[in-house]
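Coordinate analysis (summary)
Spelled out, the chains give:
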Amino acid sequence: MNLLIIGATGGTGQELVKQALEQGHRVTAFVRNPDKFKIKHSRLSVEKGDVLDYASVDKVVRDQHIVLCALGHKKWFVKTTILSEGTKNLINAMEKYGVKRFICETTLGIGNTRGKMGLYYSLFVIPVIIYSYFRDKERQERYIRESDLNWVIVRPGQLTNGKRTGKYRHGKNIGNRITTVSISRADVADFMLNQITDNIYLKKTPAIAY
């Protein structure tokens, strides 16, 4: 399949690219700075662009079969709409070209999982450090749910740089109101790629953690 990976220079994004290539897919990595992207492969195309620029998004979405989004940024202390507006551009381009399946990484702790990142996140990290980031992720999810796409929103716990294990919990009852649950970026990528052919979570918001 032709897979478009958004946020390919990030931790989860790089894992998506590596694992998708291992599975035999043709991969397009959409990045702002190709010089920072070091993965090379005969089935990999690296395209420069910005999700906030609809023209570059429109160009790269065409001829894709599936879009996987691991979009993120580090502007935590300022009001931002990068995730939501970038995702809106993706949705518009996908609907234009009939690309139906959209698999997007957001986070545990929003929507019906609010409060389930544990006390440290709920009482300090989210309200003090990444409040605007979380609000933008909520807008991002809303745009996805309101679309006509065949979407899966993946909500991981605290992300780590651990190895892929293939052994993790996923579904509704994930998270904890006291302690913080975690998951490696490699295992998040593993789960997201499983959603290419698995319909069990179609138009749902599964959480994922150990």
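First things first, this report covers the structure right here in the doc. Given the structure is predicted, the values throughout are model-derived calculations rather than measurements. (Residues numbered from 1 in each chain as written. Predicted model: local features only at pLDDT ≥ 70, side-chain atom pairs only at ≥ 80, totals over all residues. Heavy atoms only, no water.)

A few words now on a nonpolar patch on the surface. Together, Leu119, Tyr120, Leu123, Phe124, Val128 and Ile178 make up a nonpolar patch on the protein surface, roughly 610 Å² of accessible area in all. Structurally, isoleucine 178 can be placed in the loop between β8 (169-171) and β9 (182-184). Since its relative accessible area comes to 56%, isoleucine 178 is described here as exposed. (Patch = residues over 30% accessible without salt bridge, like charges linked within 9 Å, V, L, I, M, F, W, Y side chains within 5 Å. Areas by Shrake-Rupley, 256 points an atom, 1.4 Å probe, with all protein chains shown as cover. Salt bridge = Lys/Arg side-chain N within 4 Å of Asp/Glu carboxyl O. Helix = DSSP H or I, 4+ residues; strand = E, 2+ residues; numbered from the N terminus. Buried < 20%, exposed > 50% of the residue type's maximum accessible area, 1.4 Å probe, protein only.)

Once that is clear, we can look at the environment of lysine 48. When you line up the elements, lysine 48 lands in strand β3 (residues 44-48). Among residues more than four places away in sequence, those in contact with lysine 48 are Phe30, Val31, Arg32 and Pro34. (Contact = heavy atoms within 4.5 Å.)

Turning next to unusual backbone geometry. Positive phi values are uncommon outside glycine, yet aspartate 63 reaches one of about 75 degrees. Mapped onto the elements of the fold, aspartate 63 is located in the loop between α2 (54-61) and β4 (66-69).

Our focus in this paragraph is the sheet that holds β8. In space, the eight strands of this open sheet follow the order β3-β2-β1-β4-β5-β6-β10-β8, with mixed pairing throughout. Only two strands of the sheet have a single partner each, and these edge strands are β3 and β8. Averaged over all pairs of adjacent strands, the angle between their axes in this sheet comes to 20 degrees, without regard to strand direction. Two strands pair when backbone bridges link them, and strand β1 (residues 2-6) and β4 are joined in this way by four bridges, in the parallel orientation. Residue leucine 4 lies in a different strand from β4, and its bridge partner there is valine 67. (Pairing = 2+ DSSP bridges. Axes fitted to C-alpha atoms, helices over the stretch in contact; angles between N-to-C directions.)

A separate point is the environment of phenylalanine 124. Within the secondary structure layout, phenylalanine 124 lies in helix α4 (residues 119-129). Distance from phenylalanine 124 to histidine 41, taken between C-alpha atoms, is 42 Å for residues 83 residues apart in sequence. In this view, phenylalanine 124 contacts Leu119 and Ile129; residues no more than four positions away in its chain are not counted.

Within this model, the largest pocket holds a volume of roughly 1200 Å³. Around the largest pocket, the lining comprises 40 residues; the ones closest to its centre are Leu71, Gly72, His73, Lys74 and Tyr133. Volume-wise, the second largest pocket comes out at about 170 Å³. Lining the second largest pocket, in full, are Asn112, Thr113, Lys116, Arg155, Gly171, Lys172, Tyr201, Lys204, Thr205, Pro206 and Ala207. (1 Å grid on protein atoms, 1.4 Å probe; cavity = no way out; pocket = protein on both sides within 12 Å on 5 of 7 lines; lining within 4 Å. Points joined across faces, edges and corners; volume = space filled by probe spheres on them.)

This next bit is on the nonpolar core. Across soluble globular proteins, nonpolar side chains show a tendency to be buried alongside one another. Ranked by size, the top nonpolar core spans 36 residues in total, and within it Ile6, Val61, Val67, Leu90 and Phe102 carry the most contacts. The element that contributes the greatest number of residues to this core is helix α3 (residues 82-97), accounting for five residues. The residues contacting leucine 90, other than those within four sequence positions of it, are Ile6, Val57, Val61, Val67, Cys69 and Phe102. (Core = buried A, V, L, I, M, F, W, Y, C linked by side-chain atoms within 4.5 Å.)

Okay, the side chain of aspartate 190 next. Positionally, aspartate 190 belongs in helix α6 (residues 185-194). Look at aspartate 190: it is buried, it has no salt bridge, and the nearest opposite charge is arginine 164 at 4.1 Å. When near neighbours in sequence (up to four residues on either side) are disregarded, aspartate 190 contacts Gln19, Arg164, Gly166 and Tyr168. (Lys, Arg positive; Asp, Glu negative; His and termini not counted.)

Among the surface-exposed residues, Arg32, Lys36, Lys74 and Lys75 lie close enough to one another that they form a single positively charged patch. Mapped onto the secondary structure, lysine 36 falls in the loop between β2 (26-31) and β3. When its relative accessible area of 64% is taken as the criterion, lysine 36 is described as exposed. (Charge placed at Lys NZ, Arg CZ, Asp CG, Glu CD.)

Over its 12 residues, helix α1 (residues 11-22) extends 17 Å from the first C-alpha to the last, a length consistent with the 16 Å expected when each residue adds 1.5 Å. Those residues of α1 that sit buried are Thr12, Gly13, Leu16, Val17, Gln19, Ala20 and Leu21. Following α1 by one or two positions, glycine 24 adopts a phi angle in the positive range, close to 95 degrees. (Expected span 1.5 Å × (residues − 1).)

A few words on the packing of α1 against α6. At a closest axis distance of 8 Å, the pairing of α1 and α6 adopts a crossing angle of 55 degrees. Relative to α6, α1 is oriented oblique. Of the two possible hands of crossing, α1 and α6 adopt the one that is right-handed. Note on element contacts: α6 touches α1 through Arg185, Ala186, Val188, Ala189, Asp190, Met192 and Leu193, opposite Gly11, Thr12, Glu15, Leu16, Gln19 and Ala20. When its residues are assigned to classes, the contact of α1 with α6 shows seven nonpolar, three polar and three charged. (Parallel < 35°, antiparallel > 145°, perpendicular 65-115°, else oblique. Left-handed = near helix turned anticlockwise from the far one by under 90°. Nonpolar A, V, L, I, M, F, W, Y, C, P; charged D, E, K, R; others polar.)

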